[in-house]
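Working through the structure, step by step
Here's the letter readout for the chains.
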Amino acid sequence: MNHVLAPHRHPGMENPMELQNNPATLDAPAAQSRLEVSGLSKTYGSGPNAKCVIEDLTFTVNKREVVCIVGPSGVGKTTLLKCLAGLQPATSGTAAIDGRTIDGPPPEMALVFQDYSRSLMPWLTVRKNVRLPLRHLRLPAQEMNERIDTALAAVGLSHAASQYPWQLSGGMQQRVAIARALAYRPEILIMDEPFASVDAQTRFELEDLCLKIRDDFGMTILVVTHDIDEAVYLSDRVVVLGAKPARVLDVVDIELPAPRDQISTRSLPEFAEQRTSVLSMIRKPA
Ligand SMILES: Nc1ncnc2c1ncn2[C@@H]1O[C@H](COP(=O)(O)OP(=O)(O)OP(=O)(O)O)[C@@H](O)[C@H]1O
């Protein structure tokens, strides 16, 4: 799965990016909560076949934060993201954006999933793939083109606009998927294992792209990853999930100096300490 949500918008939110780039909002306190998950549980099925996958999850993602969710394989991370994206209802508890309960695809949210090869349309050029989520917004042609150009430039793919996805490397295809999300100009970007299908070097580049997007566009970003090092490198906070059902074991504040750098940040003793502490939580027997 790899797509951009958001067929509709709230009135008065024609261009959330403009709101975010407004100097008045730039001065907003850093700890302003955007996404709030409160006592969220999800059970599939009913009666004797009922299966509680996530139970009583509570955490927040503040404005302009990168938060990573880590946990063992099959713990229910995708189930959680589907609830956050309004693709399925929670059994109990709530997820809310700015206090507004999510009960359908939130207009200010975009999703990027791991499997870019299934989300990009091979018969469309890169430019037309990036344009896809904008079709419903009825933007003037000039704004549409400006958004596409800006998104492609942000991911370093201006030169590949007229190419087709199958002519690109895996890392470049995932950049196209990210550009498509950016062109929509979400305020909240949710990524499910976004860098899992690319080689290590490209993964580092895409991680840095993620941080750049947060800095340049003021986005709030939630990332699900299996990679503990990646979670520590990217995050302001890491939500550690334990199985089964999934529960929040801890929310770890990652206090590493900015700007982060693949070599110097990962060489810090604090980086090793935080990675070890997250890893030991995940590996601890239930
Ligand atoms: N629609 C569904 N109906 C019943 N069970 C489901 C459904 N979707 C997921 N599950 C079950 O919920 C559990 C968690 O699945 P989920 O895909 O959310 O985990 P995950 O953490 O994303 O997995 P992975 O780490 O392997 O990507 C699994 O046991 C799965 O079989």
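Just so it is clear, the structure is predicted and the values come from calculations on it, not from any experiment.

The rules behind these values
- Residues numbered from 1 in each chain as written.
- Predicted model: local features only at pLDDT ≥ 70, side-chain atom pairs only at ≥ 80, totals over all residues.
- Heavy atoms only, no water.
- 1 Å grid on protein atoms, 1.4 Å probe; cavity = no way out; pocket = protein on both sides within 12 Å on 5 of 7 lines; lining within 4 Å.
- Points joined across faces, edges and corners; volume = space filled by probe spheres on them.
- Helix = DSSP H or I, 4+ residues; strand = E, 2+ residues; numbered from the N terminus.
- Near = heavy atom within 4 Å.
- Polar contact = N/O pair within 3.5 Å; in protein donor to acceptor, adjacent residues only side chain to side chain.
- Areas by Shrake-Rupley, 256 points an atom, 1.4 Å probe, with all protein chains shown as cover.
- Nonpolar A, V, L, I, M, F, W, Y, C, P; charged D, E, K, R; others polar.

Here we come to empty space enclosed by the protein. Under the counting rule described, the total for this entry stands at 1 cavity of 30 Å³ or more. Space inside the largest cavity adds up to approximately 30 Å³. What lines the largest cavity is Arg-147, Thr-150, Ala-151, Leu-182, Ala-183, Arg-185 and Phe-217. Residue assignment for the lining of the largest cavity shows that the elements contributing at least two residues are helix H6 (141-154) and helix H7 (170-184).

For the rest of this paragraph, the subject is the site of the ligand. Around the ligand, the neighbouring residues are Tyr-44, Lys-51, Val-53, Ser-73, Gly-74, Val-75, Gly-76, Lys-77, Thr-78, Thr-79 and His-226. For the ligand, an oxygen atom lies 2.6 Å from a polar atom in the side chain of Lys-51. Between the ligand and the protein, one listed contact pairs an oxygen atom with a side-chain N or O atom of Ser-73 at 3.3 Å. Taken by itself the ligand offers 630 Å² of open surface, and the protein chains cover 58% of this. Secondary-structure elements contributing two or more residues to the shell around the ligand are strand S2 (51-62) and helix H3 (77-84). Here the shell around the ligand gets 3 residues from one element, more than from any other, and that element is H3. Per-class residue counts for the shell around the ligand are 3 nonpolar, 6 polar and 2 charged.

Fair warning: the whole summary comes from geometry, so function is off the table for now.
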